[in-house]
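As a plain string of letters, each chain reads:
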Amino acid sequence: MTEFDYDLFVIGGGSGGVRAGRLAAGMGKRVAIAEEYRFGGTCVIRGCVPKKLFVYASQFPEHFEDAAGYGWSVGEAKFDWPTLIANKDREIARLEGLYRLGLEKAGAEIIESRAVLLDRHTVRIVKEDRTVTARTILIATGGRPTPHPALPGHEHAITSNEAFHLEKLPGSIAIAGGGYIAVEFANIFHGLGVETTLVYRGKEILGRFDMDMRRGVHKAMVDKGIRIICHAVAHNIGKRADGKLEIALSNDETLTVDQLMLALGRTPNTEGLGLEQAGVETGTVGEIVVDDYSRTNVDNIYAIGDVTNRVQLTPVAIHEAMCFIDTVFRDKPTTPDFDAIATAVFSQPEIGTVGLSEEDAAKRFDELEIYRAEFRPMRHTLSGRQEKMIMKLVVDAATRRVVGAHILGVDAGEMAQLLGIAVKAQLTKDAFDATMAVHPTAAEELVTMYQPTYRVKNGERV
Ligand code: NDP
C-alpha cells in the first residue's frame, strides 16, 4: 500500500508537462497529467507550430516574385485565409493527438480538467469534483500574452492567441511590441498582404539580439513595406462606429487600422492554482520561484517552463522536464543548462543566433575579434531581390573561442541549430578556419572569414 494515489501529478499539458509525464510514466511511475484546454500547450496549439505554418504561407508572394528572374511566369495568385486556418487547425489537431498518444502509450492517466492545489500533496480535479494525492507535483502551466490592462481601450486589441483564429484577414494591422512575437507577426501579416505597422517603445526592435541583426532585420522589413515606428507607445485605443480602431500614440500620431495586436511579453499562468494553499512562493510577475533544480520552496512541488519565467522557449521547457526526471526519479540531480541557447526569430529574413551578442561579449571580454560578412545570397542574384544576408562571429581574442554567432537571412534558423553545437562545444575560430566549406552555399561564409573585420578593445571598436 502506498500513501499517495500517484507518484507524480503534472498540472499542464504543454511541452514541458507532457515530456515529464511521459518519461515518468514510461519508467513505471504512477502518473496523472491534467490539462484544462488542449494537449500541446502554447507551442503546438497557439505558438511556435501554427506560427511557423503562417510564416510559410506568408512567404509565397516573394517566391512568386522571385520566380520571374528564373524564367517562370506565375499566373494571378490568390490567397484564401479560411483555407489556411482550416489546414493549420487540422495539423494542430494531428499533433495534439500525438501528444495524447505518447502519454497514453507510456501509461499516464490523462485528466481533462483544471487542477487546483489544496495542499502540498492534494489536488482538486475541478471538472470531476474529486481530489487526489501525489507524492510529487509538477506545475507546468505556461504563460499567456500580457493583456496590458493599463492601456485604455486594450479590450479592442487582439493578442497572438486570437491571431490564429481571426475570421477574416484584416486589411490593416498595428502591432505593439518589438520582441519575437511582434516582429514575426508583422512579417506574417505583411506577407499575406495586410498593411502593417509595428510600434515599439525603444530605439531598435528585438532588444536582446546583436545590434547588426536588429538593424539588418529592421531595414529589410522597412524595404518590404512594413512601417516601423520606434520610440512610441499606444496611449489610447478607440473603436469607431465602422469598426476601425484609432490608436493614439505617444508621438502624437494616430493610427487608423482594422486590428491592433498586442505583443508585449507573456505572463505566467499562476492565478487560481491554489499556490497559496500549498504554500508555493511566487515572484514579482506572478512566476513560480524555483531553485536550480526547478524545485519550489515546497520540497515536493516542482515547476518548469514558462510558468517559472526563466527562458521562455519550448526546447528549454523540455530540457527542464528531462532534468526534473533525472533529479526526482533517477537519483541524478541535474540542473538545466541555460548557456549558449541557439534560437531563431522567424522574421523575414530570419535571424538565427547562439551565444553572446557583440555588445554583451564586449562587457565580458577585454578584446574581441569580430568577423562580419554582408552579401547578397546567390538565390537573389537572378531574382533581382536586393535583400542582404549578414553573418557574424564574435571571438574572444585571448582564447580564440567563438562566443557568439549570428546570422540574418534565409534559413538562418536551420544554420543556428548546427552552429549551436560548435558554440556549445566551445570551439575556437581555428576550428572554424580548419573546416572545409560546403560550396556553393550561403553558410560557407561562416568558415571562410579569415581576417577579423574589426576588433573591440575594452568595449571600444578599434
Ligand atoms: P518579448 O519579451 O520578446 O518582447 C516583448 C516586447 O514588448 C519587447 O519589445 C518589450 O520592449 C515590449 N514591451 C513590454 N512591455 C511593454 C509596455 N508596457 N509598453 C510597450 N512595450 C512593452 O515578448 P514576446 O511577447 O514577443 O514573446 C514572449 C516570449 O516568447 C519571448 O521572450 C520568447 O522567449 C518566446 N517566443 C519565442 C519565439 C521563437 O523562438 N521564435 C517566437 C515567439 C515567442 P523592451 O524591448 O523595451 O523591453
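Participant: Requested: an account of the overall build of the chain, with residues and values cited.
Facilitator: Per the secondary structure count, the chain includes 13 helices and 23 strands. On C-alpha atoms alone, the chain measures out to a radius of gyration of 24 Å, which is about the 23 Å that the 2.2 N^0.38 rule sets for 462 residues. Projected onto its principal axes, the C-alpha coordinates of the chain cover approximately 70 × 65 × 45 Å. Relative to its full complement of 462 residues, the chain shows a buried share of 51%. Contacts in the chain between residues at least 24 apart in sequence constitute 62% of all its contacts with a sequence separation of at least 6. Split by element, the accessible area of the chain, about 21500 Å² in all, is 51% carbon and sulfur. Taken as two groups, the 53 positive and 63 negative side-chain charges of the chain have centres that lie 2 Å from each other.

Participant: A description of the sheet that holds strand β14 (residues 259-262) should follow, citing residues and the corresponding values.
Facilitator: The sheet built from four strands is open, its strands ordered β10-β9-β8-β14 with parallel pairing. Because the sheet does not close on itself, it has two edges, and the strands there are β10 (227-229) and β14. Pairwise comparison of adjacent strand axes, ignoring direction, gives a mean angle of 20° for this sheet. Sheet topology note: the strand β8 (residues 172-176)/strand β9 (residues 195-199) ladder contains five bridges and is parallel. Looking across to β9, one finds that isoleucine 175 is bridged to leucine 198.

Participant: Got a sec to walk through a nonpolar patch on the surface? Specific residues and values, please.
Facilitator: A surface patch of nonpolar side chains, about 770 Å² in accessible area, is lined by Tyr56, Phe60, Phe64, Tyr70, Trp72, Val74 and Leu382. Ranked by the residues each element gives to the nonpolar patch, the list is headed by helix α3 (residues 48-67), at three residues. Here tyrosine 70 lies in the loop between α3 and α4 (81-106).

Participant: I'd like a rundown of the site of the ligand, residues and numbers included.
Facilitator: Every one of the 21 residues lining the ligand counts as a neighbour, but Gly178, Ile181, Tyr200, Gln312 and Ala344 are closest to it. Within the backbone of glycine 178, a nitrogen or oxygen atom sits 2.9 Å from an oxygen atom of the ligand. The separation between an oxygen atom of the ligand and a polar side-chain atom of tyrosine 200 is 2.8 Å. Protein coverage of the free-state accessible area of the ligand, which is 900 Å², stands at 76%. Among the elements of the structure, α6 (180-191) and β17 (343-345) are those that each provide at least two residues to the shell around the ligand. Counting residues per element, the shell around the ligand draws most heavily on α6, at three residues. Class assignment of the residues belonging to the shell around the ligand gives a composition of nine nonpolar, seven polar and five charged.

Participant: Explain the pattern of salt bridges residue by residue, including any values.
Facilitator: Pairing between side chains of opposite charge can happen when their charged atoms approach one another. One pass over the structure, following the stated rule, counts 38 salt bridges. Where lysine 224 meets glutamate 62, a salt bridge forms, and the shortest distance between an N and an O atom there is 2.8 Å. You can see lysine 224 sitting in helix α7 (residues 211-224) and its partner glutamate 62 sitting in helix α3, a full 162 residues away along the chain. Residue classification places lysine 224 among the buried positions, given a relative accessible area of 18%. The partner of arginine 310 in a salt bridge is glutamate 320, with the nearest N and O atoms 3.3 Å apart.

Participant: So what's going on with the pairing of strand β19 (residues 367-375)? Residues and values would help.
Facilitator: Note that β19 and strand β22 (residues 454-457) share four bridges and pair antiparallel. Residue pairing across strands places glutamate 369 opposite arginine 455, the latter belonging to β22. As paired elements, β19 and strand β20 (residues 389-396) share eight bridges and run antiparallel to each other. Bridge pairing in β20 places phenylalanine 375 opposite methionine 389.

Participant: Describe in detail the nonpolar core, supporting the description with residues and values.
Facilitator: Membership of the largest hydrophobic core comes to 40 residues, with the highest contact counts inside it found for Ile175, Phe185, Phe189 and Met261. Every element with two or more residues in this core is listed here: α3, α4, β8, α6, α7 and β17. Counting residues per element, this core draws most heavily on α6, at six residues. In contact with phenylalanine 185, other than residues within four places in its own chain, are Lys51, Phe54, Ser160, Ala163, Phe164, Ile175 and Met261. Listed in part, the 23 residues of the second largest apolar core include Ala32, Ala134, Val298 and Val307.

Participant: Any chance you could break down the side chain of threonine 270 for me, citing the residues and the numbers?
Facilitator: Looking at the secondary structure, you find threonine 270 in the loop between β15 (266-268) and α8 (275-278). Side-chain polar atoms of threonine 270 contact the backbone oxygen of glycine 286, separated by 2.6 Å.

Participant: Tell me what's going on with empty space enclosed by the protein, and back it up with residues and numbers.
Facilitator: One pass over the full model with this rule turns up one cavity of 30 Å³ or more. What the largest cavity holds in volume is close to 30 Å³. As for the largest cavity, its lining consists of Arg38, Ile45, Lys88, Asp89, Ile92 and His165. No other element matches the three residues that α4 contributes to the lining of the largest cavity. Taken together, the residues that form the lining of the largest cavity break down as two nonpolar, one polar and three charged.

So, how was this worked out
- Residues numbered from 1 in each chain as written.
- Predicted model: local features only at pLDDT ≥ 70, side-chain atom pairs only at ≥ 80, totals over all residues.
- Heavy atoms only, no water.
- Helix = DSSP H or I, 4+ residues; strand = E, 2+ residues; numbered from the N terminus.
- Rg over C-alpha atoms; globule rule 2.2 N^0.38 Å.
- Buried < 20%, exposed > 50% of the residue type's maximum accessible area, 1.4 Å probe, protein only.
- Contact = heavy atoms within 4.5 Å.
- Areas by Shrake-Rupley, 256 points an atom, 1.4 Å probe, with all protein chains shown as cover.
- Lys, Arg positive; Asp, Glu negative; His and termini not counted.
- Charge placed at Lys NZ, Arg CZ, Asp CG, Glu CD.
- Pairing = 2+ DSSP bridges.
- Axes fitted to C-alpha atoms, helices over the stretch in contact; angles between N-to-C directions.
- Patch = residues over 30% accessible without salt bridge, like charges linked within 9 Å, V, L, I, M, F, W, Y side chains within 5 Å.
- Salt bridge = Lys/Arg side-chain N within 4 Å of Asp/Glu carboxyl O.
- Near = heavy atom within 4 Å.
- Polar contact = N/O pair within 3.5 Å; in protein donor to acceptor, adjacent residues only side chain to side chain.
- Nonpolar A, V, L, I, M, F, W, Y, C, P; charged D, E, K, R; others polar.
- Core = buried A, V, L, I, M, F, W, Y, C linked by side-chain atoms within 4.5 Å.
- 1 Å grid on protein atoms, 1.4 Å probe; cavity = no way out; pocket = protein on both sides within 12 Å on 5 of 7 lines; lining within 4 Å.
- Points joined across faces, edges and corners; volume = space filled by probe spheres on them.

This is a description of form; function is not addressed.
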